2 protein chains.
Amino acid sequence: MRYGIIGVGAIGGFYGSKLAYSGQEVHFLLHSDYQFVKEHGMQVDSCDGSFHLDHVNVYQNVEDMPKCDVVLVGLKTTNNHLLAKLLPPLLHEHTIVVLIQNGIGVEADVQQMFPKTQLVAGLAFICSAKTEPGRVNHQCYGSINLGNYSCKDEARFQQILNDFTNAGVQAASVPYEEARWKKAVWNMPFNGMTVALDTQTDLLLKNPDTRQLIRDLMMEVIGAAQHLGVTGLTEAFADKMIETTDVMTPYSPSMKLDYDFHRPMEIHYLYSRPIEIARAAGYRMPKLEMLEAELRFKEQA
Amino acid sequence: MRYGIIGVGAIGGFYGSKLAYSGQEVHFLLHSDYQFVKEHGMQVDSCDGSFHLDHVNVYQNVEDMPKCDVVLVGLKTTNNHLLAKLLPPLLHEHTIVVLIQNGIGVEADVQQMFPKTQLVAGLAFICSAKTEPGRVNHQCYGSINLGNYSCKDEARFQQILNDFTNAGVQAASVPYEEARWKKAVWNMPFNGMTVALDTQTDLLLKNPDTRQLIRDLMMEVIGAAQHLGVTGLTEAFADKMIETTDVMTPYSPSMKLDYDFHRPMEIHYLYSRPIEIARAAGYRMPKLEMLEAELRFKEQA
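Because the structure is predicted, anything quoted here is derived from the model rather than measured.

Conventions adopted
- Residues numbered from 1 in each chain as written.
- Chains lettered and ligands numbered in written order.
- Predicted model: local features only at pLDDT ≥ 70, side-chain atom pairs only at ≥ 80, totals over all residues.
- Heavy atoms only, no water.
- Helix = DSSP H or I, 4+ residues; strand = E, 2+ residues; numbered from the N terminus.
- Rg over C-alpha atoms; globule rule 2.2 N^0.38 Å.
- Buried < 20%, exposed > 50% of the residue type's maximum accessible area, 1.4 Å probe, protein only.
- Contact = heavy atoms within 4.5 Å.
- Areas by Shrake-Rupley, 256 points an atom, 1.4 Å probe, with all protein chains shown as cover.
- Lys, Arg positive; Asp, Glu negative; His and termini not counted.
- Charge placed at Lys NZ, Arg CZ, Asp CG, Glu CD.
- Phe/Tyr/Trp six-rings, centres within 6.5 Å; stacked < 30°, edge-to-face > 60°.
- Lys NZ or Arg CZ within 6 Å of the ring centre and 35° of its normal.
- Core = buried A, V, L, I, M, F, W, Y, C linked by side-chain atoms within 4.5 Å.
- Least-squares fit on C-alpha atoms with pLDDT ≥ 70 in both.
- Buried area = accessible area lost by both parts, 1.4 Å probe.
- Salt bridge = Lys/Arg side-chain N within 4 Å of Asp/Glu carboxyl O.
- Polar contact = N/O pair within 3.5 Å; in protein donor to acceptor, adjacent residues only side chain to side chain.
- Axes fitted to C-alpha atoms, helices over the stretch in contact; angles between N-to-C directions.
- Parallel < 35°, antiparallel > 145°, perpendicular 65-115°, else oblique.
- Nonpolar A, V, L, I, M, F, W, Y, C, P; charged D, E, K, R; others polar.
- Pairing = 2+ DSSP bridges.
- Expected span 1.5 Å × (residues − 1).
- Arc of directions from axis to C-beta.
- Right-handed = clockwise from strand over helix to strand, strands pointing away.
- Domains from an automatic or database assignment.

**So, the overall build of chain A**
In step 1: Of the regular secondary structure elements, chain A holds 12 helices and 10 strands.
In step 2: For 301 residues, the compact-globule formula gives about 19 Å, and the C-alpha radius of gyration of chain A, at 19 Å, lands near that figure.
In step 3: Across its three principal axes, chain A shows a C-alpha extent of roughly 55 × 35 × 35 Å.
In step 4: Burial status across chain A gives 57% buried among its 301 residues.
In step 5: Once local pairs closer than 6 in sequence are excluded, the contacts in chain A between residues at least 24 apart make up 69%.
In step 6: Working note: accessible area of chain A is about 12,600 Å², and carbon and sulfur atoms make up 50% of it.
In step 7: Side chains of chain A carry 26 positive and 35 negative charges; the gap between the two charge centres is 2 Å.

**Observations concerning the packing of aromatic side chains**
In step 1: Scanning the model with the defined rule gives 12 aromatic pairs over all chains in all.
In step 2: Plain terms: the ring middles of Phe14(A) and Tyr15(A) are 5.0 Å apart, the flat faces sit at 75° to each other, and that makes the pair edge-to-face.
In step 3: Among the aromatic residues, those joined into a ring-pair cluster are Phe14(A), Tyr15(A) and Phe164(A).
In step 4: Lying across the ring of Phe125(A), Lys183(A) places its NZ or CZ 5.1 Å from the centre.
In step 5: In this arrangement the basic side chain of Lys182(B) is found over the ring face of Phe237(B), its NZ or CZ atom lying 5.2 Å from the centre.

**Structural notes on the nonpolar core**
In step 1: In this structure, Tyr271(A) and Tyr271(B) are the most contacted members of the largest nonpolar core, which totals 82 residues.
In step 2: With residues near it in sequence (within four places) discarded, Tyr271(A) still touches Asn187(A), Met188(A), Pro189(A), Asn191(A), Gly192(A), Met255(A), Leu288(A), Leu291(A), Glu292(A) and Leu295(A).

**With respect to unusual backbone geometry**
Residues and elements named next belong to chain B.
In step 1: One non-glycine residue, Tyr141, adopts positive backbone phi at about 55°.
In step 2: Topologically, Tyr141 is positioned in strand 9 (residues 135-148).
In step 3: One non-glycine residue with positive phi stands out, namely His262, at about 55°.
In step 4: Structurally, the position occupied by His262 is in the loop between helix 10 (254-260) and helix 11 (267-280).
In step 5: Residue His262 is classed as exposed on the basis of its relative accessible area, which comes to 73%.

**Notes on the relation of the copies chain B and chain A**
In step 1: Once chain B has been moved 0.0 Å along the axis and rotated by 180°, it coincides with chain A to within an RMSD of 0.0 Å. The relationship between the two copies is best expressed as a two-fold rotation axis. Residues of chain B ranked by C-alpha distance from the rotation axis are headed by Lys287(B), positioned 2.7 Å from it.
In step 2: Looking at chain B, 100% of its interface residues are interface residues in chain A too, so the copies touch through the same face.

**Topic: the interface of chain B and chain A**
In step 1: With 23 residues of chain B at the interface, the matching set in chain A holds 23 residues.
In step 2: Summing both sides of the interface, chain B and chain A together bury roughly 1,900 Å²; the carbon and sulfur share of this comes to 69%.
In step 3: If you look at where chain B meets chain A, you find 2 salt bridges.
In step 4: Glu289(A) is paired through a salt bridge with Lys287(B); the nearest N and O atoms lie 2.8 Å apart.
In step 5: If you look at where chain B meets chain A, you find 4 residue pairs in polar contact (both at pLDDT 80 or more).
In step 6: Elements with a minimum of two residues in the side of chain B that touches chain A: helix 6 (176-196), helix 7 (201-206), helix 8 (208-227) and helix 12 (286-300) of chain B.

**Considering the pattern of salt bridges**
Residues and elements named next belong to chain A.
In step 1: Under the counting rule described, the total for this entry stands at 40 salt bridges over all chains.
In step 2: For Asp258, the salt bridge goes to Lys76, with nearest N and O atoms at 3.0 Å. Here Lys76 lies in the loop between strand 6 (68-73) and helix 3 (83-86) and Asp258 lies in helix 10 (residues 254-260), a separation of 182 residues in the sequence.
In step 3: Residue Asp258 is classed as buried on the basis of its relative accessible area of 1%.
In step 4: On the accessibility criterion, Lys76 (29% relative accessible area) is partly exposed.
In step 5: For the salt bridge of Arg263 with Asp258, the shortest nitrogen-to-oxygen distance reads 2.9 Å.
In step 6: For Arg263, a relative accessible area of 40% gives the class partly exposed.

**Here's the deal with the environment of Asn166(A)**
In step 1: Position of Asn166(A) relative to the elements: it lies in helix 5 (residues 154-166).
In step 2: When the C-alpha positions of Asn166(A) and His138(A) are compared, they lie 18 Å apart, and in sequence the two are 28 residues distant.

**Section: the packing of helix 8 of chain B against helix 12 of chain B**
Residue and element names in this part refer to chain B.
In step 1: The interhelical angle for the contact between helix 8 and helix 12, taken along N-to-C directions, is 110°, at an axis separation of 8 Å. Judged by the inter-axis angle, helix 8 sits roughly perpendicular to helix 12. Contacts between helix 8 and helix 12 involve Leu213, Asp216, Leu217, Glu220 and Val221 from the former and Pro286, Lys287, Leu288 and Leu291 from the latter.
In step 2: In the contact of helix 8 with helix 12, the residues fall into 6 nonpolar, no polar and 3 charged.

**With respect to the pairing of strand 8 (residues 118-132) of chain B**
Residue and element names in this part refer to chain B.
In step 1: Looking at chain direction, strand 7 (residues 91-99) and strand 8 are connected through 4 bridges and run parallel. Its bridge partner lying in strand 8, Val97 is registered against Leu119.
In step 2: One ladder, built from 12 bridges, connects strand 8 with strand 9; its direction is antiparallel. What sits directly across from Ser128, in strand 9, is His138.
In step 3: Between strand 8 and strand 9, which pair antiparallel one after the other, the connecting turn spans 2 residues, and Gly134 there sits at a positive phi close to 65°.

**Observations concerning helix 9 (residues 235-246) of chain A**
Residue and element names in this part refer to chain A.
In step 1: For helix 9, built from 12 residues, the straight-helix expectation of 16 Å at 1.5 Å per residue is met to within 8% by its first-to-last C-alpha distance of 17 Å.
In step 2: Of the residues making up helix 9, those classed as buried are Phe237, Ala238, Met241, Ile242 and Thr245. With its buried residues spanning 140° around the axis, helix 9 presents them on a single face.
In step 3: The inward-facing, buried residues of helix 9 abut helix 6 (176-196), helix 7 (201-206) and helix 8 (208-227).

**Quick word on the pairing of strand 10 (residues 171-174) of chain A**
Residues and elements named next belong to chain A.
In step 1: Sheet topology places strand 9 (residues 135-148) next to strand 10; 4 bridges connect them, and they run parallel. Paired with Ile144 across the two strands is Ala171, which belongs to strand 10.
In step 2: Running through helix 5, the crossover from strand 9 to the neighbouring parallel element strand 10 is right-handed.

**Quick notes on helix 4 (residues 106-113) of chain A**
At 3.6 residues per turn, the α-helix brings residues three or four places apart onto the same side.
In step 1: Taken as a whole, helix 4 of chain A has its buried residues at Val106(A), Glu107(A), Asp109(A), Val110(A) and Gln111(A).
In step 2: As for helix 4 of chain A, its buried residues are in contact with helix 3, strand 7 (91-99), strand 8 (118-132), helix 6 and helix 11 (267-280) of chain A.

**Describing the domain arrangement of chain A**
All names here are of chain A.
In step 1: In terms of domain boundaries, chain A breaks down into domain 1 (2-173) and domain 2 (178-300).
In step 2: Each of domain 1 and domain 2 was reduced to a C-alpha centroid, and the two centroids are 25 Å apart.
In step 3: When the two sides are added together, the surface that domain 1 and domain 2 hide from each other amounts to roughly 1,700 Å², 52% of it contributed by carbon and sulfur.
In step 4: Counting the surface domain 1 buries against domain 2, the share from its top three residues, Lys76, Asn102 and Ile104, is 40%.
In step 5: Here domain 1 is connected to domain 2 by 3 salt bridges.
In step 6: Applying the counting rule to domain 1 against domain 2 returns 10 residue pairs in polar contact (both at pLDDT 80 or more).
In step 7: Elements with a contribution of two residues or more to the side of domain 1 that touches domain 2: helix 4 and strand 8.
In step 8: Among the elements that line the side of domain 1 that touches domain 2, the one with the most residues is strand 8, at 6 residues.
In step 9: Across the side of domain 1 that touches domain 2, the residue classes break down as 10 nonpolar, 8 polar and 3 charged.

Encoded structure:
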């Protein structure tokens, strides 16, 4: 299968390079890194073994790229409006688009833009960063879960999982709604609260008041998911997420890094959309509403 | 009547000096300012007309003070544990203690310490600051409302109102519970949110998201008061408080000043106690619970 990568940062750069290094045909859309990668290739410094790609298929314009069977989207959702322009040249009738992005409602909105395109949610569990042009630093973890949103081609869906596996990436198929909401159970409390209180995961859990607040926020997400009929989210899952985070190294989630580096924050898909979806179904998340307002304020301040 | 003043800062210093300047017998407990005021007297720079008290009855130890008919307490509630030691030497059988303090539950707790003492809530509407030793700067407003908590001596209660009035201070009798909760409608949203988002009243109201959040927080206070059977608090009161704040000059509430100057914040009586009182009666204030947790975190950070 032919892969296209849009959004070649810490996520798209890592998974695209792994696939390319395993022998898949991969085409990367680059902007500022184009000239450097064309000349010097891509470097992945990885806890699983570093490697270098000498020759990479790179493009400055999406119009120059070939049609792809699979497109991995590693953009921040704050740039999803660009997909209207970036995706069409890559799509043929059977292209599967994998949105490796954060939040709730992403697939629904992209599906509205491309009603006939087969969409898959990519849930990355990875610590990685793009440290300089053409260079990704992969610190730990690295698995990817795929949640089928609207892909009818089961064989091709399975082939993507196999291609990841063959590239040394742990990949599994997960139920779409459950996977998106489970990730939100961690994402919604920790992304926003580290920004709101200018801190890291460990200090939020060390203080008994914010530890309880984190749990309350998780329970709002779980309550919303249950109300929406999503299965698999129980109170025990909140406890498990807190215990998991207790043993993690102190961590700044992606929204905290975005805030610190004055980049746009993914408030829309991490907060506004899930809050809106739950409210439309008659379920309120008051503390997450408050967090959303605080983030909107900090975004402007 | 003989007045004693405990907590001679922006509040106790102002009201005590006004009473003294009008000819009342007033005794001030001072700490660091003792020597200065003993030698130079007290200065009040006031929008209503500045004045100087040449000779002031000042004390370093409460044991040296005479019994008083009325004690005005201008301490921050974070120091209320000191009342166990400070009040007894001033009390006779009929002393009325006026707690000019912020929050909900103050009188109930002081009454537990002094079951037989007559308590009155003092609600000050004033912008003032202690700018240097023996000097209070009174910028604007200045009225005081008295809410009778457990004073049986109606004549003396009325006399206090008269003494304030004669001293040029607007004073009125208000229903205790209603007055405390009405003040909380403004205090709970603005004190905490200016700390949480490191901002001032005007910017919170300018941003549409935090403007809505401020209103949500006000409605939680009003909902709690209504649930507790306190009359006089309606949705229209929230709108009135917001409109009033819209036309105020940008303002840092007392908790914001405490936070900025690394003084203890009055989280207990402004948040924990009302949240606890409402919860015990079966009413939750989720957004204010979240604000409390954020303040507890910032207090330690």
